[in-house]
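# Notes for the structure review
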Amino acid sequence: MVFDPAPSLPLVRALRVDVVPPGGAAATVGVGVTSDGALPDGVGLDRDALAAWGFRATPGSTLALPRGGGESSLVLVGLGPAADVSPAVVRDAAAAFARVDGRAAHLVTDLASALPGDAAAAAQAVVEGVVLGRYRYDALRSEPDTVPVERLDLRVPDDRADDARTGAARGLVLARAAALSRDLANTPAGHLTAPDVADVARRLAADAGLDVVVHDKAALVALGCGGLLGVNSGSAVEPRMVVLHYVPDGDAAPGHLGFVGKGITYDSGGISLKPSNAMHAAMKMDMTGAGAVLAAMTVLRELRVPVRVSAYLALTDNMPSATATKLGDVLTTRAGRTIEVVNTDAEGRLVMSDAITLAQEDGVDAIVDIATLTGACLAALGPLTAGLIGTDDRVQRLVEDAADATDERVWRLPLDRRYRPWMDSEVADIKNLGGEFAGAITAALFLAEWVGDTPWAHLDIAGPMRSEKDDAWRTKGATGFGARLLAEVAAAYRAP
């Protein structure tokens with residue numbers, strides 16, 4: 001059997017989402033409950049009784065109330081104060097509901113009615129929450145026990161049904177992108193090499209109506225992509241640079257957006273070997289940026305994105321060997337600039353320098369890059385928030401708006417150019433590391449050297465790339481952070 005690194009795609013595509021009127025029988029019904037105001041009809045208990053059961057309707061809390069006589073099982077899902085209910089709260093509640101009965105293939109909920117006046121946003125959030133909350137990666141288990149959701153009914157009054165259908169359809173598309181990104185990041189490095197990712201990209205591009213060009217090692221040598229080739233020099237597996245182009249149907253709005261994704265399929269650190277700890281084991285996820293970009297690109301046509309979008313995936317592993325790049329070596333990049341390598345574990349910025357140059361050569365008028373780039377950003381912002389740094393306020397605001405819409409949180413850090421001299425080299429144009437402090441900022445300053453005057457935003461997702469436990473819409477393992485966010489950025493982007 002050929003291994004499929006995207007096992008979630010057929011499951012999500014097979015999910016049937018219906019908008020139905022309130023009432024009717026079902027196997028498992030989720031009902032949203034705020035911590036104030038009247039209780040929904042059919043609960044059958046007052047607030048004192050619910051409190052005695054330990055349920056106070058705090059956000060994401062649940063209480064299952066089994067019923068006799070063949071009636072449906074009722075799951076109360078907390079939403080917190082009614083005034084604070086938002087799409088993010090609804091998404092988290094839907095994820096919590098989906099996990100209560102992991103064996104239920106048919107779910108019914110009224111959560112799509114939780115946002116007064118915005119049935120589309122609520123329905124989108126519910127679908128995303130259910131799909132992402134129930135996600136499990138079990139492609140390599142001999143006896144997987146995951147039960148996918150096959151049918152989801154959204155109980156919505158008739159006067160809001162059309163809006164709910166629109167939102168649900170959009171939520172299903174975005175959830176599929178996030179699930180694909182999770183699949184790629186969760187797949188062990190031995191099952192997903194750089195050539196493997198390129199093969200997946202070819203297959204998905206055909207289905208998504210994308211043009212794809214794959215540069216193999218020989219092509220990269222001809223292109224002079226010394227950053228990517230330098231990181232790959234210790235590997236037994238060839239690198240790849242995958243370039244994807246989306247051109248909208250019909251009349252296109254002005255704009256050509258570029259996405260750049262770091263795709264280190266396994267990061268041992270190279271000669272600067274990482275310690276053998278839990279984080280080392282997670283380094284199969286060092287291609288999360290490239291996975292998020294690829295996943296976002298696959299849904300642009302379904303979202304009817306009106307601008308051109310090009311994506312650049314810089315793919316290789318980073319391994320130690322007799323042929324690996326050594327500390328003190330100097331690499332020459334596609335742009336002709338030279339880099340002194342003072343730490344081989346600062347490799348992501350090396351491969352991305354070549355990808356950024358290719359994006360500029362293709363004439364993009366803005367760049368958004370995404371990378372699991374620095375432990376410093378994880379230390380600064382923790383596992384729930386990505387660092388956002390850039391040269392253009394407008395592009396950064398687009399990213400922030402997309403982050404608000406998807407609940408993939410970002411926080412701006414300064415591109416403080418006073419730290420740039422820390423990367424001065426005595427033998428090359430620049431060093432690939434700036435010193436002990438401000439690591440997330442100096443990494444961004446390095447990338448800025450290749451961005452030049454192109455409007456640019458950089459996402460450092462080293463923190464939120466994975467979750468240690470099931471937490472709202474994030475399931476344990478790869479989170480798929482960035483896939484939905486990038487798709488939203490593309491949908492909103494227009495040329496300046």
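Values in this document were obtained by computation on a predicted structure and should not be read as measured data.

### What about the overall build of the chain?
Looking only at helices and strands, the chain features 15 helices and 19 strands. Taken over the C-alpha trace, the chain has a radius of gyration of 23 Å; the compact-globule value for 496 residues is 23 Å, and the two agree within 12%. Here the chain, with 496 residues, has 57% of them falling under the buried criterion. For the chain, the share of sequence-separated contacts (at least 6 apart) that also reach a separation of at least 24 residues comes to 77%. If you average the places of the 46 positive and of the 63 negative side-chain charges in the chain, the two averages end up 2 Å apart.

### Section: the packing of aromatic side chains
In the structure shown here, the tally under the stated rule is two aromatic pairs. Seen in terms of ring centroids, Tyr 419 and Trp 422 are 4.6 Å apart; in terms of plane orientation they differ by 45 degrees. Their pairing is tilted.

### Structural notes on the nonpolar core
In terms of nonpolar packing, the biggest core is built from 68 residues, with Phe 259, Met 297 and Val 309 touching the most fellow members. Considering every element that reaches this core, the biggest residue donor is helix α6 (residues 194-208), with eight residues. Not counting the four nearest positions on each side in its chain, Met 297 is found in contact with Leu 210, Leu 244, His 245, Tyr 246, Phe 259, Val 309 and Ala 311. Counting 42 residues, the second largest nonpolar core, distinct from the first, contains Val 341, Val 364, Met 423 and Ala 448.

### Some words on unusual backbone geometry
Of note in the backbone geometry, Asp 407 takes a positive phi value of approximately 60 degrees without being a glycine. At Ala 438, a position not held by glycine, the phi torsion is positive, near 55 degrees.

### Structural notes on the sheet that holds strand β12 (residues 338-340)
Strands sit in the order β11-β12-β16 across an open sheet of three strands; the sheet is mixed. At either end of the open sheet lies a strand with only one pairing partner, and these are β11 (330-332) and β16 (430-431). Direction of pairing for β11 relative to β12: antiparallel, over a ladder of three bridges. Among the inter-strand pairings, Val 330 is bridged to a residue of β12, identified as Glu 340.

### Here's the deal with the environment of Asp 18
Here Asp 18 is to be found in strand β1 (residues 16-20). Once the C-alpha coordinates of Asp 18 and Thr 454 are considered, the two residues, 436 residues apart in sequence, prove to be 44 Å apart. Excluding residues that lie within four positions of it along the chain, Asp 18 makes contacts with Arg 151, Leu 152, Asp 153 and Leu 154. Among the polar contacts listed, one links the side chain of Asp 18 to the side chain of Arg 16, at a separation of 2.6 Å.

### Let's talk about the pattern of salt bridges
If you walk through the whole model with that rule in mind, you get 31 salt bridges. Among the ionic pairs, Asp 470 bridges to Arg 136, the shortest N-O distance being 2.7 Å. Of this pair, Asp 470 sits in the loop between β18 (466-467) and β19 (477-478) while Arg 136 sits in the loop between α4 (119-134) and β6 (151-155), and the two are 334 residues apart along the sequence. By relative accessible area, which is 34% here, Asp 470 ends up partly exposed. Residue Arg 136 is classed as partly exposed on the basis of its relative accessible area, which comes to 37%. Here Arg 165 makes a salt bridge to Asp 162, at a shortest N to O gap of 3.2 Å. Remark: Asp 162 and Arg 165 occur in helix α5 (residues 161-186); sequence separation between them is three residues, near one turn of the helix. Connected via shared salt-bridge partners are Arg 16, Asp 18, Arg 151 and Asp 153.

### What about the side chain of Arg 91?
Examined against the element boundaries, Arg 91 turns out to sit in helix α3 (residues 87-100). The residues contacting Arg 91, other than those within four sequence positions of it, are Ala 125, Glu 128, Gly 129, Ala 405, Thr 406, Asp 407, Trp 473 and Arg 484.

### Section: the packing of helix α13 (residues 393-406) against helix α15 (residues 483-492)
Running from N to C, α13 and α15 point in directions that differ by 125 degrees, and their axes come no closer than 8 Å. Here α15 runs oblique to α13, going by the angle between their axes. In the crossing of α13 with α15, the sense of the turn from one axis to the other is right-handed. Of the residues in α15, those in contact with Leu 398, Val 399, Ala 402, Ala 403, Ala 405 and Thr 406 of α13 are Arg 484, Leu 485, Glu 488, Val 489 and Ala 492.

### Overview of α4
Between its first and last C-alpha atoms α4 spans 22 Å; for 16 residues at 1.5 Å apiece the expected length is 22 Å, and the two agree. Across the 16 residues of α4, 14 count as buried, placing the element largely inside the fold.

### As for the packing of α3 against α4
Contact geometry of α3 with α4 gives a least axis separation of 7 Å together with a crossing angle of 40 degrees. Taken together, α3 and α4 sit at an angle that is classed as oblique. Note that α3 runs across α4; the crossing there is right-handed. Where α3 abuts α4, its residues Pro 87, Val 90, Arg 91, Ala 94, Ala 95, Ala 98 and Arg 99 lie against Ala 121, Ala 122, Ala 125, Val 126, Glu 128, Gly 129, Val 130, Gly 133 and Arg 134. Along the lines of polarity and charge, the residues of the contact of α3 with α4 split into 10 nonpolar, two polar and four charged.

### Focus: the sheet that holds strand β2 (residues 28-34)
Overall, mixed pairing links the six strands, which are arranged β1-β6-β5-β2-β4-β3 in an open sheet. Each end of this open sheet is capped by a strand with a single partner; those strands are β1 and β3 (62-65). Neighbour-to-neighbour, the strand axes of the sheet open up by a mean angle of 20 degrees, direction not taken into account. With four bridges connecting them, strand β5 (residues 106-109) and β6 associate as parallel partners. When the bridges of β6 are listed, Thr 109 appears paired with Leu 154. Here α3 sits on the sheet and contacts β2, β3, β4 (73-80) and β5; the angle it forms with β4, its principal contact strand, is near 150 degrees. Helix-sheet contacts for α5 involve β1 and β6, and the interaxial angle to β1 is about 165 degrees.

Definitions and cut-offs
Residues numbered from 1 in each chain as written. Predicted model: local features only at pLDDT ≥ 70, side-chain atom pairs only at ≥ 80, totals over all residues. Heavy atoms only, no water. Helix = DSSP H or I, 4+ residues; strand = E, 2+ residues; numbered from the N terminus. Rg over C-alpha atoms; globule rule 2.2 N^0.38 Å. Buried < 20%, exposed > 50% of the residue type's maximum accessible area, 1.4 Å probe, protein only. Contact = heavy atoms within 4.5 Å. Lys, Arg positive; Asp, Glu negative; His and termini not counted. Charge placed at Lys NZ, Arg CZ, Asp CG, Glu CD. Phe/Tyr/Trp six-rings, centres within 6.5 Å; stacked < 30°, edge-to-face > 60°. Core = buried A, V, L, I, M, F, W, Y, C linked by side-chain atoms within 4.5 Å. Pairing = 2+ DSSP bridges. Polar contact = N/O pair within 3.5 Å; in protein donor to acceptor, adjacent residues only side chain to side chain. Salt bridge = Lys/Arg side-chain N within 4 Å of Asp/Glu carboxyl O. Axes fitted to C-alpha atoms, helices over the stretch in contact; angles between N-to-C directions. Parallel < 35°, antiparallel > 145°, perpendicular 65-115°, else oblique. Left-handed = near helix turned anticlockwise from the far one by under 90°. Expected span 1.5 Å × (residues − 1). Nonpolar A, V, L, I, M, F, W, Y, C, P; charged D, E, K, R; others polar.

That is the geometry; function is a separate question.
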